[in-house]
Amino acid sequence: MAENLDWSNLSFGYIPTDYNVRCYYRNGSWGELEISSTDTVNLHMAATCLHYGQEAFEGLKAFRGKDGKIRIFRMDENAKRLQSSAAGLLMEKFPVEKFKEAVIQAVKLNERFIPPYESGASLYIRPLLIGISPRVGVSPSEEYLFLLFVTPVGPYFKGGFQTTPFVILREYDRAAPLGTGTYKVGGNYAASLVAGKRAHDMGYSNVFYLDPKEKKYIDECGAANFFGIKNNTYVTPSSTSILPSITNKSLMQLAESMGMKVEHRPVPATELDTFEEAGACGTAAVISPIERIDDIEESKSYVFSKDGKPGPVCTKLYHKLRAIQYGDEADPFGWVTVI
Ligand SMILES: *Cc1c(COP(=O)(O)O)cnc(C)c1O
């Protein structure tokens, strides 16, 4: 193990590890996976990723269990989503099998950076796909670089599982109604920074986005999907501008297996009043329970937790998913790859 790291106090920053894995698409085909020990890339200054945003990424995690085994969560889903993002930006798709090989190689090569079970920390895996051919006019690249690095990240909830407040800011959209919202691409994040900063400056954990067309339906919570709980039902929005979260997909399956109903449909913002609990979900936190959503313009506040504590359903789902990820409980869905 990397001896001098303070595992429990790691932030979501970048800690250098030993190796990263790369693969180039040139002359119409993907090459072999290459192992690199440098953390820089040599790029043409006219590369399409730099000028026209031909860039997509993924995010997943590996966990060290009580049994010492390493588990990677649903990497086939991330591989498929990267293909969907690539198609959305007219980039070359990276093969699913090669993606899985790259993940496993990078995790194994950097094994000493996978935090111990007790720390509640994990190894974050960041795959990246970029267009690297020089172009001055707007057109897709001919050559691509797939790159994958890993870095240890601390537990998301340092002071225990907690709720946070969100805010509706109607003057900003994260993505266009029929734009790139369904793809995991850097451009969507650049487009969300100003709104995110305003929310943070006002003391909120992030922006609560309504649909960009009518501002009538619920879209996302910052860079996380939304779900609400009521009458033993897990409700999560569908829309043409939401990124399909793998955590959300997993929570839907878990909720169903726990005897809840699951509804995946457009959710009008007016329905916020009816939820007993609400949460934001994604790889970083699994679930980030929502304390309240403030709608400043309408002078309204939707409160989901009066004492700041997460509700019972959020808590149950959170612990169940983490138990599967760390190997504390059986994995009936075949979600984890043990290496
Ligand atoms: C990555 C991401 C999520 C969460 O997806 P997971 O697969 O659960 O990590 C949600 N929304 C946006 C916009 C994202 O980029």
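The rules we used
- Residues numbered from 1 in each chain as written.
- Predicted model: local features only at pLDDT ≥ 70, side-chain atom pairs only at ≥ 80, totals over all residues.
- Heavy atoms only, no water.
- Near = heavy atom within 4 Å.
- Polar contact = N/O pair within 3.5 Å; in protein donor to acceptor, adjacent residues only side chain to side chain.
- Areas by Shrake-Rupley, 256 points an atom, 1.4 Å probe, with all protein chains shown as cover.
- Nonpolar A, V, L, I, M, F, W, Y, C, P; charged D, E, K, R; others polar.
- Helix = DSSP H or I, 4+ residues; strand = E, 2+ residues; numbered from the N terminus.
- Buried < 20%, exposed > 50% of the residue type's maximum accessible area, 1.4 Å probe, protein only.
- Contact = heavy atoms within 4.5 Å.
- Phe/Tyr/Trp six-rings, centres within 6.5 Å; stacked < 30°, edge-to-face > 60°.
- Lys NZ or Arg CZ within 6 Å of the ring centre and 35° of its normal.
- Axes fitted to C-alpha atoms, helices over the stretch in contact; angles between N-to-C directions.
- Parallel < 35°, antiparallel > 145°, perpendicular 65-115°, else oblique.

With that settled, the discussion passes to the site of the ligand. Taken together, 14 residues surround the ligand, and among them Lys-184, Tyr-189, Ser-245, Thr-247 and Thr-283 come closest. The side chain of Thr-283 places a nitrogen or oxygen atom 2.5 Å from an oxygen atom of the ligand. When isolated, the ligand has an accessible area of 380 Å², and the protein chains bury 96% of it. When its residues are assigned to classes, the shell around the ligand shows five nonpolar, five polar and four charged.

Turning to the environment of Cys-314, a few remarks are in order. Among the secondary structure elements, Cys-314 is positioned in helix H7 (residues 312-326). Residue class for Cys-314 comes out buried when judged on its relative accessible area of 1%. For the pair formed by Cys-314 and Gly-279, sequence separation is 35 residues and the distance between their alpha carbons is 7.1 Å. In this structure Cys-314 touches Phe-161, Phe-227, Glu-277, Ala-278 and Ile-287, once residues within four positions along its chain are discounted.

In this section: the packing of aromatic side chains. Evaluated as defined, the whole model comprises 19 aromatic pairs. On the numbers, 5.3 Å between centres and 70° between planes, the contact of Phe-57 with Tyr-189 is edge-to-face. Remark: Tyr-189 occurs in helix H4 (residues 186-190) and Phe-57 occurs in strand E4 (residues 55-57); sequence separation between them is 132 residues. The exposure class assigned to Phe-57 is buried, which follows from its relative accessible area of 7%. What links up through ring pairs into an aromatic cluster is the set Tyr-25, Trp-30, Phe-94, Phe-99, Tyr-144 and Phe-146. Stacked on the ring of Tyr-24, the Lys or Arg Arg-26 has its end atom at 4.1 Å from the ring centre.

Before going further, it helps to spend a moment on the packing of helix H6 (residues 246-257) against H7. Remark: H6 packs on H7, axes separated minimally by 10 Å, with the N-to-C direction vectors making an angle of 110°. For the element pair H6 / H7, the angle class is roughly perpendicular. The segment H6 lies against H7, with Thr-247, Ser-250, Leu-251, Leu-254 and Ala-255 engaging Leu-317, Lys-320, Leu-321 and Ile-324. For the contact of H6 with H7, the per-class residue count stands at six nonpolar, two polar and one charged.

As far as function goes, none of this settles anything; it's purely spatial.
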